[in-house]
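Letter by letter, the chains look like this.
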Amino acid sequence: MEKIYGQHSFEEIRSTYDKKEENDITALKGINQYIQKSKLENNFVEQIQGYRDATFFSKDERLKIKYADSAIVTAKKTGKKEMISTVYLLKGSLYYFYYKNYQSALAEYLLAYQYSKDSKNDYLKYKIIYQMGLVKSYLGYYDEGIEHFNKCISYFEPKSKEKLHPGAIRNAEKGYLNSLHQIAVCYRNIKDYKKADSIIDVGLSFSKIDEFLLEKAYLIKCKGISEYHHNNYHSTITFLQKSLPIFSKYDDFYWSSVSDFYIGKSYLGLGKEDLAIRQFEKVDSAFLRRQFIVPELLENYNFLINFYQNRKDSKKELEYSKRLIKADSILNRDFKYLSEKIHKDYDKQILEESKSRLEARNKWGFGTIIMLISILVIVIVLAWKFYKSEKQIKLKYIKLENKLKQQNKPTTLSYQSISNYGKSVLNESVFSDLQNKLREFETTIAFKENGLTIERLANILHTNKSYLSQYINDVKGMNFSKYISTLRINYITRLMYEDPYYLQLKVQGLANECGISSRQNFSDLFQEINGIRPTDFIKQRKKELDEGNISDFISSS
């Protein structure tokens, strides 16, 4: 029998509040009794359960973190690593969901991972895999995120159909639906809309979907954004407005902001600019309150800046320009820290642990044979990966080489072909004037100028920033920064291909040659635009030239 303190057991006390809604503070009275009973009986396991319950029912976000800290202190008293891992994971999830503080969340996830290494608890393992997938998705490592969420789907879906305790089944179902949602987000971001659509349909057809209010709202939100990419703007607005009240109820400001943003873009698509601006200003308000933003929402400020430029409201234009700079700095700070941390403290550790396990098997007899076979398999796999990597680099080089061999004419687009919004900003005369001036700008290689800004170029071309920005967005299909970067990378790539002299330069020298000050920035842009790293391109080009010289020598002999 369960130990009784006074007149009520832990189970009886918990039954007074466990059916209440999340964030219902009326549950705290029973929870405090639960915690007091566990303290008096020195029952650490029940004490931790009480603190976990408190994080669920407390409405104050700071109080949730405080209860999680108390759970960690108590878990450490037990000396059980699995239990300590579980509460660190809980605290990380609180930072992620309620604060969208990725740095703090990742720090807790990594501690949870450290304590879980020897655990045989698969549910704990896959919760950590899921949370790491969230961080990777946020960083834009969508392919890696897909790997994480596929693993979670493979674990949670079968579990949801097993004969388990009702609570365990519900956790598995929730894990399954959340993994479907996140993998659909990843596929959308790599523009595989067909795959994303099929996953969304699977989630919405789940037999118990109506029991999961928030998870259903996530999938409806995905459906709405999918409709936007299919240009079904009315459907987008309908789906997203259906999910927004649920996000508001659960205080999910991340997806509320994304939903408001896509509703705004849909209104733009329908020609309802005033309604669109109202939505974009909602997104800005959320950013001011929470100091949180994701990369796809930066475009929100471009819309606001352009709108107030056209209205000649310089005060508002400056206000939103400052906000864009601030948002960008927050993203840069987060991304640098998170990217280094997750690859150093998580991905690298997994590889090192695999190596350690192999070394631990270094015993005579059967153990030695297993070790040697394992090493042989690893060598073969690494050799195969190296071969595939080299082959991929070669294919990317050939693809780029074919592109360089084609004499592509400069992009020309008639005034009639640009967007309606573009026509509202640019008249045909201004459009033609910019077309001629930018053609000359590209031909004379003026884009090499260091520190070239859109304001500087607008002055050079005797136009204004708004016209220039809109022309580049419509005709070139990219923003100003991407446009200048593409011109510079295309220019230096052709020089490297046609003149062996440039193959002898260091990466910094190549960057200087085309007007890019940072070596790292140059390498990143070169790979992004050309699909291959500059060092790999140089290696392949030199190899090709050497083979050509040998062939010429043999022929002449």
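Please read all numbers here as calculations on a predicted model, not as lab measurements.

A few points about the overall build of the chain
Scanning the chain from N- to C-terminus turns up 25 helices and two strands. Taking all 557 residues of the chain together, the buried fraction comes to 45%. Restricting to contacts in the chain with at least 6 residues of sequence separation, those with at least 24 account for 62%.

Let's talk about the packing of aromatic side chains
According to the stated counting rule, one finds 34 aromatic pairs in the structure shown. Judged by centre distance (5.8 Å) and plane angle (85°), the rings of Y17 and F57 are edge-to-face. Remark: F57 occurs in helix α3 (residues 44-57) and Y17 occurs in the loop between α1 (10-14) and α2 (28-40); sequence separation between them is 40 residues. For the pair Y17 and F57, a shared accessibility class is recorded, and that class is buried. Between the aromatic rings of F431 and Y471, the centroid separation amounts to 5.2 Å while the plane-to-plane angle is 50°, which identifies the pairing as tilted.

Section: unusual backbone geometry
The phi torsion at N42 lies on the positive side, around 55°, for a residue other than glycine. In this fold, N42 is placed in the loop between α2 and α3. Even without glycine at this site, I445 takes up a positive phi of about 55°. Within the secondary structure, I445 sits in the loop between α19 (428-443) and α20 (454-460).

Some words on the environment of I293
Tracing the backbone through its elements, the reader meets I293 in the loop between α14 (273-290) and α15 (299-310). Residues I293 and A327 lie 34 residues apart in sequence; the distance between their C-alpha atoms is 6.7 Å. Apart from the residues within four sequence positions on either side, I293 is in contact with Y138, F287, L298, Y301, A327 and L331.

With respect to the packing of helix α22 (residues 480-498) against helix α24 (residues 519-530)
Where α22 contacts α24, the two axes come as close as 10 Å, and the packing angle between them is 85°. Classified by the interaxial angle, the pair formed by α22 and α24 is roughly perpendicular. Within the contact between the two elements, α22 uses K482, S485, T486, I489, N490, I492, T493 and M496 and α24 uses F522, L525, F526, E528, I529 and N530. By residue class, the composition of the contact of α22 with α24 is seven nonpolar, five polar and two charged.

Topic: the nonpolar core
Grouped together as the largest cluster of nonpolar side chains are 111 residues, with contacts concentrated most on I31, V258, I293 and Y301. L438, I489, L495 and I532 belong to the second largest nonpolar core, which has 47 residues in total.

Description of the confidence of the model for the chain
This prediction gives the chain a mean pLDDT of 86; 89% of its residues lie at or above 70. Between residues 553-557, whose pLDDT stays under 50, and residues either more than four places distant or in other chains, the model counts zero contacts.

Structural notes on the side chain of H148
Tracing the sequence through the fold places H148 in helix α8 (residues 142-159). If sequence neighbours within four positions are ignored, H148 has contacts with I129, M132, G133, K136 and Y346.

A short note on helix α23 (residues 507-514)
Taken residue by residue, α23 has V507, L510, A511 and C514 as its buried positions. Viewed end-on, α23 has its buried residues packed into an arc of 100°, placing them on one side of the element. Two residues or fewer after α23 comes G515, characterised by a positive phi angle close to 95°.

Notes on the side chain of H181
In this fold, H181 is placed in helix α9 (residues 166-189). For H181, a relative accessible area of 1% gives the class buried. A polar contact is formed between the side chain of H181 and the side chain of K221, at a distance of 2.8 Å. Each residue touching H181, except ones within four places of it in the same chain, is listed here: Y218, L219, K221, C222 and W255.

Here we look at the environment of I65
Mapped onto the secondary structure, I65 falls in helix α4 (residues 61-78). Assessed through its relative accessible area of 9%, I65 is described here as buried. Residues I65 and K91 lie 26 residues apart in sequence; the distance between their C-alpha atoms is 6.5 Å. Apart from the residues within four sequence positions on either side, I65 is in contact with K91, L94, Y95 and Y99.

Considerations on the environment of K161
Here K161 is to be found in the loop between α8 and α9. Classification of K161 by relative accessible area gives exposed; the value is 64%. As for K161 and A172, which are separated by eleven residues in sequence, their C-alpha atoms are 8.8 Å apart.

Concerning the pattern of salt bridges
Here the structure, examined in full by the defined rule, presents 31 salt bridges. We note a salt bridge from R290 to E61, for which the minimum N-O separation is 3.9 Å. Residue R290 is located in helix α14, and its partner E61 is located in helix α4; the two are separated by 229 residues in the primary sequence. Residue classification places R290 among the partly exposed positions, given a relative accessible area of 25%. Each of E61, D251 and R290 takes part in one network of salt bridges that share partners.

What counts as what
- Residues numbered from 1 in each chain as written.
- Predicted model: local features only at pLDDT ≥ 70, side-chain atom pairs only at ≥ 80, totals over all residues.
- Heavy atoms only, no water.
- Helix = DSSP H or I, 4+ residues; strand = E, 2+ residues; numbered from the N terminus.
- Buried < 20%, exposed > 50% of the residue type's maximum accessible area, 1.4 Å probe, protein only.
- Contact = heavy atoms within 4.5 Å.
- Phe/Tyr/Trp six-rings, centres within 6.5 Å; stacked < 30°, edge-to-face > 60°.
- Axes fitted to C-alpha atoms, helices over the stretch in contact; angles between N-to-C directions.
- Parallel < 35°, antiparallel > 145°, perpendicular 65-115°, else oblique.
- Nonpolar A, V, L, I, M, F, W, Y, C, P; charged D, E, K, R; others polar.
- Core = buried A, V, L, I, M, F, W, Y, C linked by side-chain atoms within 4.5 Å.
- pLDDT = per-residue confidence, 0-100.
- Arc of directions from axis to C-beta.
- Polar contact = N/O pair within 3.5 Å; in protein donor to acceptor, adjacent residues only side chain to side chain.
- Salt bridge = Lys/Arg side-chain N within 4 Å of Asp/Glu carboxyl O.

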